[in-house]
Structure formats: C-alpha cells, structure tokens
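What the coordinates show
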Amino acid sequence: MNATETGIDIREINEKIARESAFIDLLRMEMNKVIVGQEKLSERLIIALLANGHILLEGVPGLAKTLAINTLATAIDVDFSRIQFTPDLLPADLIGTMVYSQRNEEFTLRKGPIFSNFILADEINRAPAKVQSALLEVMQERQVTIGDTSYRMEEPFLVLATQNPVEQEGTYPLPEAQVDRFMLKVIIDYPKKEEEKRIIRQNIGKQRPFASPVVKPQDIINARNLVTEIYLDEKIENYIVDLVFATRDPEGAGLGSVKNYISFGASPRASISLAIAARAYAFIHHRGYVIPEDVREVCHDVLRHRIGLSYEAEADNVTTQHIITEILNKVEVP
C-alpha cells in the first residue's frame, strides 16, 4: 500500500527526520577530523549502529579499522574494547568467568572485554569455533550467561569483526550460518594518493587530531526508534524481495548467465537487513522515506556474504560483487 492508502503523512515524517537527524552531520564531521578517507567505512559504521546490526570487515592490516570504531566510540562517549582473536583464546577470555574468593567464601563475577558498547573483534577467523560461537551468541541475543545468571549488554551495542583476506594460515573460517548474522560485510581498500599524504602529515605532526564527545548514547537509541518510522513504500518492498529472490532463482529473474555460479541464495535475513539498512541510509541523508537508490547503495554490503559461490565461479574468478552488480543491472527499478 502507498502512503495515501495508509494515511501516512510523508511530509510530516520527512520534516521530523530532517530535524532529528541533524546530529549525524556533527558525528561525521568529528570522525573526519581523525580518519582520513575511508568515508565508506565511517558511513557503514553509522548505518549498522542505527540499524542495530553488526559489521564484518575485510581488509589488509593498517587501514584504520581500529581507529574508525575507536573514534566513533569517543564521539558518542561510550566504552570501547578491542579483542585480538588468537587460536588459544577461550570463551571465558571473551565473556568472563566466575572466580572464587577465599576471603568472602563466594564466587564473584569477573567480566570479560565483551562487556562494552563497541567491540572490535580483530581477526575473528583466528579464534576456534567455540570462541566464535560465544561472540555470535552475544551479538544475536544481546546477553551473556555466566553460571546461572544472564547479563544484558548495555545499549548501544555494536560488534565490528575483521578478517584479513591475505593470510589464511592458522585460521578457522566462519561457517555460513554465522556469517549470515552480520548485517553488513564491508570490503575496504587502500587510500588514494592525496589521502595517504594527509595521513602521513597527520601522523608525523607534533599533535595528532583527536575526537571529542559530540553525541550522547541516548541520541543513538532515540535515532534507532526514528529509523523504524521512515516510510518504506510497497514498491520498494517488492524491489527488495525481487533482488533477494534473484539470488535464489537467477534464471527466473532473467539471469541465466550467473545461474551456475550460485550454490545457494540469500536468506530472508537478507531481505530484513536490506530494508533496515536502506532506512538507516535514508536517515543519515535526512530523508523520511526510502528511495530505490538507498537500497542499491547498501545492496552489495548486505548481500555479498549471503550468496554461496559454486566451484565453477571460483574457477572463472567470478565474485559475489560481480553477481550482485549483474542482479542490480537486471532487476527492474520501481
């Protein structure tokens, strides 16, 4: 149904979102003080934060992954933890454990680094399956159970997990079911020449720039509620469903050329993530309604880790990036 049939006043929503989303510009400006380039990474972090999702990030070391999430945490004035995943890590090293106190003759909780607002899970594929599972349970349930007690995570809660695409020795690849729990998978590349010159100047100067708190955690929580009010027309819903179904039945979508490259398509979680991420993208651009370009902008990041490639695709060097681009070019835009 359209806005007229449902009695929704788009102009009123648009004015409200334009007014309430003004803090996003302030947040981005503060991040840009510290992070040179990598606008896409900063934007995707904010989208995931507003959409209450998590990010899987792929990029070689030294591309400001830690700096980006640390700067965002500082600008919002929340706690940040960085966890270096290693093969000898145990679930207790992540979530904490009960420790016996001989003086008090009782067990007390020693919280792990997961008890924070923003978590950087560095090289998540280096940790064994039990540790990966413990992290992904916290991401999904937003709580930790230690002993007989469950502890809720403090909101806002965001996990940025990284993978190094170069070095695969001694790693434990994430199972597809676990990867699917990340709302976005973002691939970041090297900075441009001019950006790299600015990075050099910034890091060899007498005083490095730093971020200051400009947004309160409650502003993010309030913004999440506003994101759910952004108008999503039925035509946009149909467009999202068509895109996702094209990954499952490419031949039915007129994409017989990529049929043999896909072993399995995206799950319904992809459709949900596309809708929410498109709303968050509209919010950071101060709009109270979603347009097809919003969906197209976040489509690669939402779908790239949810499409299974066949052996034929690997043999022909066909990536999910290529398949998604083909789908976007073929599926009719409303």
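Look a little higher up for the structure.
Residues numbered from 1 in each chain as written. Predicted model: local features only at pLDDT ≥ 70, side-chain atom pairs only at ≥ 80, totals over all residues. Heavy atoms only, no water.

1. Digging into the nonpolar core
Ranked by internal contacts, the top residues of the largest apolar core, which has 78 residues, are L72 and F283. Among the elements that take part in this core, helix 12 (residues 268-284) stands out by supplying 10 residues, more than any other. When neighbours within four sequence positions are excluded, L72 is seen to be in contact with L27, M31, L45, I46, L49, F118 and L158. L89, A121, I124 and L136 belong to the second-largest nonpolar core, a separate cluster that totals 26 residues. (Core = buried A, V, L, I, M, F, W, Y, C linked by side-chain atoms within 4.5 Å. Buried < 20%, exposed > 50% of the residue type's maximum accessible area, 1.4 Å probe, protein only. Helix = DSSP H or I, 4+ residues; strand = E, 2+ residues; numbered from the N terminus. Contact = heavy atoms within 4.5 Å.)

2. Let's talk about the pattern of salt bridges
Taken as a whole, this structure holds 18 salt bridges when the rule is applied. The salt bridge partner of R28 is E43, with a shortest N-O separation of 3.2 Å. Residue R28 is found in helix 3 (residues 23-34), and its partner E43 is found in helix 4 (residues 39-51); the two are separated by 15 residues along the sequence. Between R126 and E123 there is a salt bridge, with its nearest N and O atoms 3.3 Å apart. Across the pair, exposure class does not vary: R126 and E123 are buried alike. One salt-bridge network, in which partners are shared between bridges, spans R28, K40, E43, R44, E297, D301 and R304. (Salt bridge = Lys/Arg side-chain N within 4 Å of Asp/Glu carboxyl O.)

3. So, the environment of N70
Tracing the backbone shows N70 in helix 5 (residues 65-76). A relative accessible area of 33% places N70 in the partly exposed class. The spatial distance from the C-alpha of N70 to the C-alpha of F118 is 8.1 Å, given a sequence separation of 48 residues.

4. What to know about the packing of helix 3 against helix 5
The N-to-C vectors of helix 3 and helix 5 enclose an angle of 135°; their axes lie 10 Å apart at closest approach. In terms of orientation, helix 3 and helix 5 fall into the oblique class. The hand of the helix 3/helix 5 crossing is right-handed. Residues L27, E30, M31 and V34 of helix 3 form the contact with helix 5, whose participating residues are L67, A68, T71, L72, A75 and I76. Looking at side-chain class alone, the contact of helix 3 with helix 5 contains 8 nonpolar, 1 polar and 1 charged residues. (Axes fitted to C-alpha atoms, helices over the stretch in contact; angles between N-to-C directions. Parallel < 35°, antiparallel > 145°, perpendicular 65-115°, else oblique. Left-handed = near helix turned anticlockwise from the far one by under 90°. Nonpolar A, V, L, I, M, F, W, Y, C, P; charged D, E, K, R; others polar.)

5. With respect to the sheet that holds strand 2 (residues 80-84)
Taken in spatial order, the 5 strands of this open sheet run 2-5-8-1-9, and their pairing is parallel. Each end of this open sheet is capped by a strand with a single partner; those strands are strand 2 and strand 9 (184-187). Shown here is a sheet whose adjacent strand axes are inclined to one another by a mean of 20°, direction ignored. Inspection of the sheet shows strand 5 (residues 118-122) paired to strand 8 (residues 158-163) by 4 bridges, in the parallel sense. Each residue of the ladder has a partner; that of I119, found in strand 8, is V159. (Pairing = 2+ DSSP bridges.)

6. Observations concerning helix 7 (residues 129-141)
Under the 1.5 Å per step criterion, the end-to-end length of helix 7 is 18 Å for 13 residues, consistent within 8% with the ideal 18 Å. Taken together, the buried positions of helix 7 are V131, Q132, A134, L135, L136, V138 and M139. If you follow the buried residues of helix 7, they end up packed against helix 6 (91-95), strand 5, strand 6 (143-146), strand 8 and helix 8 (176-179). Note on helix 7: the residue one or two positions beyond its end, R142, has a positive phi of about 60°. (Expected span 1.5 Å × (residues − 1).)

7. A few points about unusual backbone geometry
Here the bond from E155 into P156 is cis, since omega is -5°, no more than 30 degrees from zero. Following the sequence through the fold, P156 ends up in the loop between strand 7 (149-152) and strand 8. Here E123, not a glycine, exhibits a phi torsion of approximately 55°, which is positive. In this fold, E123 is placed in the loop between strand 5 and helix 7. For E123, a relative accessible area of 18% puts it in the buried group.

8. Structural notes on the pairing of strand 7
The sheet contact formed by strand 6 and strand 7 spans 4 bridges and is antiparallel. Across the sheet, the residue bridging to Q143 is R152, located in strand 7. Between strand 6 and strand 7, which pair antiparallel and follow one another directly, the connecting turn spans 2 residues, one of which, G147, has a positive phi of 70°.

No statement about biological role is implied by the geometric values presented.
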